[in-house]
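Here are the chains, one letter per residue:
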Amino acid sequence: MAAGAVTLLVVGVPTDILVNPWFGREIPVRWWEYPVLGATVVLTALWFGLQNPRSDGSRTATPAAGVMLAVFAVGCPVCNKLVLVTIGASGALGWWAPLQPILALCSLTLLAGAVLYRWRRRTCDDSCTPPVGSITP
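Quick look at the structure, then.

### Description of the overall build of the protein
Move 1: When helices and strands are counted, the protein shows four helices and zero strands.
Move 2: Element order for the protein, N to C, with α for helix and β for strand: α-α-α-α.
Move 3: Within the structure as shown, the protein displays about 8,600 Å² of accessible surface, and the carbon and sulfur contribution to it stands at 70%.

### Considerations on the environment of Ala 112
Move 1: Looking at the secondary structure, you find Ala 112 in helix 4 (residues 81-120).
Move 2: For Ala 112, a relative accessible area of 36% gives the class partly exposed.

### Points about the packing of helix 3 (residues 64-74) against helix 4
Move 1: Closest axis-to-axis distance for the helix 3/helix 4 pair is 6 Å, and the angle between their directions is 135°. Judged by the angle between their axes, helix 3 and helix 4 are oblique. The handedness of the crossing between helix 3 and helix 4 is left-handed. Residues Ala 65, Gly 66, Val 67, Leu 69, Ala 70, Phe 72, Ala 73 and Val 74 of helix 3 form the contact with helix 4, whose participating residues are Leu 82, Trp 96, Gln 100, Leu 103, Ala 104, Cys 106, Ser 107, Leu 110 and Leu 111.

### Brief notes about the pattern of salt bridges
Move 1: Applying the stated criterion to the full structure yields two salt bridges.
Move 2: Residue Glu 33 is joined to Arg 25 by a salt bridge in which the shortest nitrogen-to-oxygen separation is 3.1 Å. Grouping residues by exposure puts Glu 33 and Arg 25 together as buried.
Move 3: Between Glu 33 and Arg 30 there is a salt bridge, with its nearest N and O atoms 2.5 Å apart.
Move 4: Through salt bridges with shared partners, a single ionic network connects Arg 25, Arg 30 and Glu 33.

### Section: helix 1 (residues 2-12)
Because each turn of an α-helix spans 3.6 residues, side chains separated by three or four positions in sequence point in the same direction.
Move 1: For helix 1, the complete set of buried residues consists of Ala 3, Gly 4, Thr 7, Val 11 and Gly 12. The arc that holds every buried residue of helix 1, seen down its axis, measures 140°, which confines them to one face. Exposed residues on helix 1 whose side chains face more than 90 degrees from its buried face are Ala 2 and Leu 9.
Move 2: Summarising the contacts, the buried residues of helix 1 are in contact with helix 2 (33-49) and helix 3.

Analysis parameters
- The residue numbers shown here count from 1 along each chain, following its written sequence.
- Note on the predicted model: pLDDT of at least 70 is required for a residue's local features to be given, and 80 or more for side-chain atom pairs to be given and counted; whole-chain, interface and lining totals, by contrast, use all residues.
- Each side-chain value is derived from all of the structure's non-hydrogen atoms; neither hydrogens nor water enter the calculation.
- Only DSSP runs of H or I reaching four residues or more are called helices, and only runs of E reaching two or more are called strands; each is numbered from the N terminus.
- Per-residue and other accessible areas were derived by the Shrake-Rupley procedure at a 1.4 Å probe size, with only the shown protein chains allowed to occlude residues.
- Relative accessibility decides the category of a residue: with a 1.4 Å probe and only protein chains considered, values under 20% of the type maximum give buried, values over 50% give exposed, and everything between is partly exposed.
- Lines fitted to C-alpha atoms define the axes, with helix axes restricted to the stretch in contact, and inter-axis angles between N-to-C directions lie between 0 and 180 degrees.
- Convention used here: angles under 35 degrees read as roughly parallel, angles over 145 as roughly antiparallel, angles from 65 to 115 as roughly perpendicular, and any remaining angle as oblique.
- For any helix crossing, the convention is left-handed if the near helix is rotated counterclockwise from the far helix by under a right angle, and right-handed if that rotation is clockwise.
- Should any heavy atoms of two residues lie within 4.5 Å, those residues are counted as being in contact.
- Salt bridges are counted wherever a side-chain nitrogen of Lys or Arg sits within 4 Å of a carboxyl oxygen of Asp or Glu.
- Directions drawn from the helix axis to the C-beta atoms are what define this arc.

Right, here's the structure in full:
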């Protein structure tokens, strides 16, 4: 639960989806940014809420890339200094803004993949046994 709250603040405050006195937006929040923020929070909380995966020395999927991509996806296109320096204000509105919903989908796909990966790698206990009468290979 704490991871979801932290994600809500880390993504929502700097992008000014959560109205605050420290950050502002030149472009109003678009309707699809609210569900993307909500899904990002839920998927990140799910990832942290799942049991730790089996530790066999291999690297595990993390939600960091998905969360960072979500910040770029839901942020104001002309408020992002990296975008403005790279492609200018007209590029931010003409090129970056239409690309942001695609970035949001990529972000949510990465997060869902990380959750699924962690779910599949969780340690099993008695709750993982098949129901009585089921056919096991």
